[in-house]
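# Structural features, examined
Below are the chains, spelled out letter by letter.
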Amino acid sequence: MRPDTPADHITEAERLLRTAAQYPEDREPLLLRAAAHLELAGARTRATTLYDDLLAATPPPENPQLIKALKAANLWEYGHEAEARVIIDGIRATPPSDAAAWEIVAETLEAHDELESSEDVFSTAVTGLLPSPDDEVPYPSQSLLMGRHRVRRLLGLRHDDWDVLADRLHTGSVPLDELHDPKRLWSLGSSDPAELQAEIARLRSELGSYRTALSRPFPVAVLLWPADELAELLAAYPELESEYPTHAAHLTDLEASLRELSAAGTPNLGIVQGTVPSYEAFAASESASPANAALLPQYATTLAARGRATPWPPSRTSPCWCGSGTKYGDCHGTARI
């Protein structure tokens, strides 16, 4: 069950903090999740302390922009608007590098009725992270497009190419224009059963979208072994050679598996990178031999649950997941998905 009460959220946050102490290499994603639970519990000062701890950590965090955005949103919610604005202005002064950070900033501004600023942040992020409306759109950027569409509808702006793309990517039963119609709230005061029923249908569609997003905390992850790690793994556990005949075959099989999952409609796909010491520690925790191939998918799932997954597929112009340094579209992404 998901945590539902403030006490449940505090309990989950404490569990995540203990896990972070046990796995210091995964401290950042685990502490971010703990801070989210603290916010939901109303313990916003404690959440801010976690964000500050992450930003002051040595070595520096992997995604400081995201942490700053979360800190700003949290600060604004409990009366520290001036400090939140300083952080937001600092993020907006830098080129977009993380879709989630810019979405949080835009939604924070939207939540406080600063729609023009919110639209500007959404648009800056979309145009900075996506080459053009004709290119493939990674999942995080899809969320940016949906938020931008919503704010532009609230502002009464005409559709542009990015809004058309958002309409095309939307999979709900209720069209995006209808879902984001600012006049929807009027129907809640109607006594017409047909209008009320239509609004219930729209709300159900919106709830379905939120549930889909909430079901994505951990990707369906496929395990990637770098060449040196795979050689060490097979030298120690030759029983696994049937799983990994060669490193090249391993990379080909990984991409093929992800494509099959994608074609079958599996959402939220990702890649986690294994290491021999980490795998051996996992096997020990399961009281099993690392030579047992059945442990491999469990190990991948555990790494994903600790925030170690990289979303798949990357954009065709991003570096390939295999580490070759070549663009994905020129490497393992040569065939369109």
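Residues numbered from 1 in each chain as written. Predicted model: local features only at pLDDT ≥ 70, side-chain atom pairs only at ≥ 80, totals over all residues. Heavy atoms only, no water.

## Observations regarding the overall build of the protein
A count of helical and extended segments in the protein gives 15 helices and three strands. By the burial criterion, 42% of the 337 residues in the protein qualify as buried. Nonlocal contacts in the protein, meaning residues at least 24 apart in sequence, comprise 56% of its contacts between residues at least 6 apart. When the accessible area of the protein is evaluated, it comes to approximately 17700 Å², of which 54% is carbon and sulfur surface. (Helix = DSSP H or I, 4+ residues; strand = E, 2+ residues; numbered from the N terminus. Buried < 20%, exposed > 50% of the residue type's maximum accessible area, 1.4 Å probe, protein only. Contact = heavy atoms within 4.5 Å. Areas by Shrake-Rupley, 256 points an atom, 1.4 Å probe, with all protein chains shown as cover.)

## Overview of the pattern of salt bridges
One pass over the structure, following the stated rule, counts 19 salt bridges. Of the charged contacts in the structure, one is a salt bridge between Arg-308 and Asp-26, with a shortest N-O distance of 2.8 Å. Separated by 282 residues along the polypeptide, Arg-308 in the loop between helix H15 (295–305) and strand S3 (310–311) and Asp-26 in the loop between helix H1 (6–22) and helix H2 (27–40) bring together distant segments of the chain. When the shortest N-O distance is used, the salt bridge between Asp-163 and Arg-148 registers 3.5 Å. Taken together, the residues Asp-163 in helix H9 (residues 161–169) and Arg-148 in helix H8 (residues 139–155) connect sequence positions 15 residues apart. (Salt bridge = Lys/Arg side-chain N within 4 Å of Asp/Glu carboxyl O.)

## Here's the deal with the environment of Pro-29
Within the secondary structure, Pro-29 is located in helix H2. When neighbours within four sequence positions are excluded, Pro-29 is seen to be in contact with Arg-306 and Gly-307.

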